[in-house]
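Reading the structure
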Amino acid sequence: MTDAAIETNQTSPPTNIVIFGAAGDLTKRKLLPALINMQRAGLLHPDSVVTGVVNNRTEAEWLELVHQGIVDYAPELNLQETEWQAFAERMHMVPGDLGDAETYTRLGEALQELDGQKNALFYCAIPPQWYTRTAEGLQAAGLTRQDNGFRRIVIEKPFGMDLESAKSLNTELQQVFDESQIYRIDHYLGKESVQNLMVFRFANSIMEPLWNRQYIDHVQILAAESIGIEYRANYYENSGALRDMIQSHLMQVMTLVAMEPPVELTDDAVRDEKMKVLRAVRPFEFQTPKCQAVFAQYAKGQVNGEKVPAYVGEEDVAPDSVTETFAAAKFFVDNWRWQGVPFILWTGKRMKKRVSEIVIRFREVPFNLFDPDGPAPLPNALVFRLQPDEGVFLRTNAKKPGLTTEMQRLVMRAPYAPDGSDVAEAYEVLLYDVLQGDATLFSRADEVEESWKIIEPLLEEAKLRTDIKRYPAGTWDVPGMGPLLAGCVGGWHKPS
Ligand code: BG6
């Protein structure tokens, strides 16, 4: 533990961190690297232990597997052998199948042996069809009672596949855990750059007067990726970009852009405000979303100089698949602040580059004083770059040096970490928060249901789809985006 962590009392409470799916990708890529980083920073209590529930492996095999996984998938961690050995001291394995009641009994015995008095965090890094069974298994083995400390469960996304399945999952989980014990992960909320949006909005007095329909023309929230589906066809074929990114990550970000200032920084105060935004979203109407949404799929092309196959040429994708790898939707938040301001959320795989941004485009000036016959000056824009190169940019117009009055674009840049300090990984932020019992950055049951309800008409439309537009991989050439943004000043924002 570092001195600073002890002095400021920031270390998380001693906890049995139980990972279901402990040999899987998420554990290797994100969870263990996040816990190791927390150990480095003194934020993981020395008495906290990590128990992996694993099938068909010995403890030695499991440790070897995850160690190699961390080295391969999280090279930025620069994990040294001695540090791994120290971390591995905390690790234990419980063998067993998630469908077998014995597994949970064994887990209970193991936790008792480790220290029956401790808090327990159950992390479900498993396929969604196992969430309920796992929660019930824990209950049946008496592991959900909060007699000696807290019991919390973390549920990964996707949380349901539509409104009905999300509602059932909520009901099933709430039969085992109280809502306050359930942490639904949306890792976009764990990104520091997303939290910076809240600070930027509510700690600067110059923002509030501008943050409304009077000054803002429209908002674009985007997550472009250069990667494809990365061998996840089985999941992605049933999901598509709308479910994968818009219903969860981008709609959550939209609520933070649009919400009113919460009365205090508690989880429920923030989530109440986010929920009000969702409730104000104008419903899409079945069969009309065509002019309010764009769906497309990547064709073959080149990304970063390398040839890549079309989506339908990826392993395990049906050759006639019409699943969208690009989705855009235009939302309206019908309330006092935002009435008439479009929020365009878009995301795509195999795009020209990887970049996630929130773009606030302001209205144009009433006329061009400097060239009355010329085009209007470019609109001002405030851009929150969520990743990579996190920061905030303000796009303005200024005078070009010289004797004539010509304009040039002036971009004021404020990097998020100007001194080069590390930006914490989303999973580290979120794991720390669960251990601290702070649910502000997690989606509440009603938020998840409301967001599914909003996009339901788009999902219905997708079910009837027989064909889909295509865009060449590695480009921004998505058909339909021009018309979707018609009337929005500056049109479609293609990140530079
Ligand atoms: C996940 C999606 O939730 O987020 C992936 O399932 C996507 O398809 C990923 O690639 C994007 O996350 P990030 O943090 O890289 O923007």
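Numbers given to residues run from 1 along each chain, matching the order in which its sequence is written. A pLDDT threshold of at least 70 governs which residues receive local features in this predicted model, and a stricter bar of 80 or more applies before side-chain atom pairs are shown or counted, although totals over entire chains, interfaces and linings include all residues. Where side-chain values are given, they derive from all heavy atoms of the structure, hydrogens and water being excluded.

Focus on the overall build of the protein
A tally of helices and strands in the protein yields 13 helices and 17 strands. Expressed as lengths along the three principal axes of its C-alpha atoms, the size of the protein is roughly 80 × 55 × 45 Å. Counting only residues that meet the buried cut, the protein has 55% of its 496 residues in that class. The contact rule is simple, with two residues in contact once any of their heavy atoms fall within 4.5 Å. Taking contacts inside the protein between residues at least 6 apart in sequence as the whole, the part at least 24 apart equals 77%. Secondary structure elements follow DSSP: runs of H or I no shorter than four residues count as helices, runs of E no shorter than two count as strands, and numbering proceeds from the N terminus. Burial here depends on accessible area, computed with a 1.4 Å probe over protein chains only, as a share of the maximum for the residue type. Under 20% is buried, over 50% is exposed, and the range in between is partly exposed.

A closer look at a negative patch on the surface
A cluster of like negative charges, contributed by D97, D100, E102, E109 and E113, occupies part of the molecular surface. Note on placement: E113 falls in helix α5 (residues 101-115). Only residues whose relative accessible area exceeds 30% and that form no salt bridge are eligible for patches; like-charged ones are grouped when within 9 Å, while nonpolar side chains (Val, Leu, Ile, Met, Phe, Trp, Tyr) are grouped when within 5 Å. In short, Shrake-Rupley with a 1.4 Å probe defines the accessible areas, and a residue's cover is counted only from the protein chains shown. The salt bridge criterion pairs a side-chain nitrogen of Lys or Arg with a carboxyl oxygen of Asp or Glu, the two atoms within 4 Å. Only four residue types enter the tally: Lys and Arg on the positive side, Asp and Glu on the negative side; His and the chain ends are excluded. Charge placement uses NZ in Lys and CZ in Arg. For Asp and Glu, CG and CD serve respectively.

Quick word on the sheet that holds strand β16 (residues 407-415)
Backbone-to-backbone hydrogen bonds pair the strands of a sheet. The strands run either parallel or antiparallel. DSSP bridges decide pairing: two strands pair if at least two such bridges lie between them. One open sheet holds the nine strands; their spatial order is β16-β15-β14-β13-β7-β12-β11-β8-β17, and the pairing between them is mixed. A strand with exactly one partner marks an edge of an open sheet, and here the two such strands are β16 and β17 (469-472). Neighbour to neighbour, the strand axes of the sheet diverge by 20 degrees on average, direction disregarded. Axis definition: a line fitted to C-alpha atoms, over the contacting stretch in the case of helices. Angles run 0 to 180 degrees between N-to-C directions. In the packing of helix α8 (residues 192-202) onto the sheet, contacts are made with β13 (355-362), β14 (381-387) and β15 (391-399), and the angle to β14 comes to roughly 145 degrees.

Re the packing of helix α10 (residues 267-280) against helix α12 (residues 445-463)
Put simply, α10 and α12 touch, their axes get as near as 10 Å, and they point 15 degrees apart. When the axis of α10 is compared with that of α12, the two are roughly parallel. Crossing of α10 against α12: the hand is left-handed. Here α10 contributes R271, K274, M275, L278 and R279 to the contact with α12, which in turn contributes D446, E447, E450 and I454. All amino acids are sorted into three groups, where Ala, Val, Leu, Ile, Met, Phe, Trp, Tyr, Cys and Pro are nonpolar, Asp, Glu, Lys and Arg are charged, and the leftover types, Gly among them, are polar. Looking at the contact of α10 with α12 residue by residue, the class counts come to three nonpolar, no polar and six charged. Our angle categories are set so that under 35 degrees counts as roughly parallel, over 145 as roughly antiparallel, 65 to 115 as roughly perpendicular, and the remainder as oblique. By definition, turning the near helix anticlockwise from the far helix through less than a right angle yields a left-handed crossing, and turning it clockwise yields a right-handed one.

Here's the deal with the site of the ligand
Whether a residue is near a molecule or strand depends on its heavy atoms: if one lies within 4 Å, it is near. Every residue near the ligand is listed here: K157, H187, Y188, K191, E225, R232, D244, M245, H249, K349, R354 and Q387. A distance of 2.8 Å separates an oxygen atom of the ligand from a polar atom in the side chain of K157. R232 places a side-chain nitrogen or oxygen 2.4 Å from an oxygen atom of the ligand. Protein chains bury 81% of the 390 Å² of accessible surface belonging to the ligand in isolation. By residue number, the principal contributor to the shell around the ligand is helix α9 (residues 233-258), which donates three residues. Residue classes in the shell around the ligand are distributed as two nonpolar, three polar and seven charged. Definition of a polar contact: a pair of N or O atoms within 3.5 Å, with one able to donate and the other able to accept a hydrogen when the atoms are protein atoms, and with sequence-neighbouring residues admitted only if both atoms are side-chain atoms.

Side note on helix α2 (residues 25-40)
Helix span, expected: 1.5 Å multiplied by one less than the number of residues in the helix. Over its 16 residues, α2 extends 22 Å from the first C-alpha to the last, a length consistent with the 22 Å expected when each residue adds 1.5 Å. Where α2 bends most, at L31, the angle is about 30 degrees, and the proline P33 comes one to four residues later. Just beyond α2, the residue with positive phi is G42, at close to 75 degrees. Across the chain, bend at a residue is computed as the angle between axes fitted to the seven residues ending at that point and the seven starting from it.

A look at the packing of aromatic side chains
Pairing of aromatic side chains here covers Phe, Tyr and the six-membered ring of Trp, requires ring centres within 6.5 Å, and sorts the geometry by plane angle: under 30 degrees stacked, over 60 edge-to-face, intermediate tilted. Within the structure shown, the criterion is met by 16 aromatic pairs. With centroids separated by 5.3 Å and ring planes inclined at 70 degrees, the aromatic side chains of F284 and F331 adopt a geometry described as edge-to-face. Placement of the pair is F284 in the loop between α10 and β8 (293-299) and F331 in strand β11 (residues 326-332), with a sequence separation of 47 residues. The burial state of F284 is the same as that of F331; both residues are buried. Ring centres 6.1 Å apart and planes at 85 degrees place the aromatic pair W346 and W476 in the edge-to-face group. Of the two residues, W346 is situated in strand β12 (residues 342-348) and W476 in the loop between β17 and α13 (481-484); the sequence distance between them amounts to 130 residues. This pair shows no difference in class: W346 is buried, exactly as W476 is. Grouping aromatic residues by their ring pairs yields a cluster made of Y235, Y236, Y298, Y311, F326, W346, Y471, W476 and W492. Working rule: Lys NZ or Arg CZ, within 6 Å of ring centre, within 35 degrees of ring normal, means a charge sits over the ring. For the cation-ring pair, K191 lies above Y188, with the distance from its terminal atom to the ring centre recorded as 4.6 Å.

Observations concerning the nonpolar core
Only buried residues count toward a nonpolar core, which is a set of Ala, Val, Leu, Ile, Met, Phe, Trp, Tyr and Cys residues joined through side-chain atoms within 4.5 Å. Of all hydrophobic cores here, the largest spans 154 residues; its most connected members are F122, F326, F331, F343 and W346. Take this core: its biggest share by element is 13 residues, from α9.

Description of the pairing of strand β2 (residues 49-54)
Counting buried residues along β2, six of its six residues qualify, which places the element largely inside the surrounding structure. Side chains of β2 alternate between two faces, with V49, T51 and V53 and V50, G52 and V54 buried alike. Crossovers are marked right-handed if the path from the first strand over the helix to the second runs clockwise, as seen with the strands pointing away from the viewer. Between strand β1 (residues 15-20) and its parallel partner β2, the chain crosses via α2, and the hand of that crossover is right-handed. Of the pairings in the sheet, the one linking β2 to strand β3 (residues 91-95) comprises five bridges and is parallel in character. The residue bridging V50 from the neighbouring strand is M91, located in β3.

Details of the packing of α2 against helix α4 (residues 81-88)
The geometry of α2 relative to α4 is characterised by a closest axis approach of 11 Å and an angle of 100 degrees between their N-to-C directions. Put simply, α2 runs roughly perpendicular to α4. Here L32, L35, I36, Q39 and R40 of α2 come into contact with α4, specifically with E83, W84 and F87. The class makeup of the residues in the contact of α2 with α4 is five nonpolar, one polar and two charged.

Honestly, that's just the spatial picture; any functional story needs more than this.
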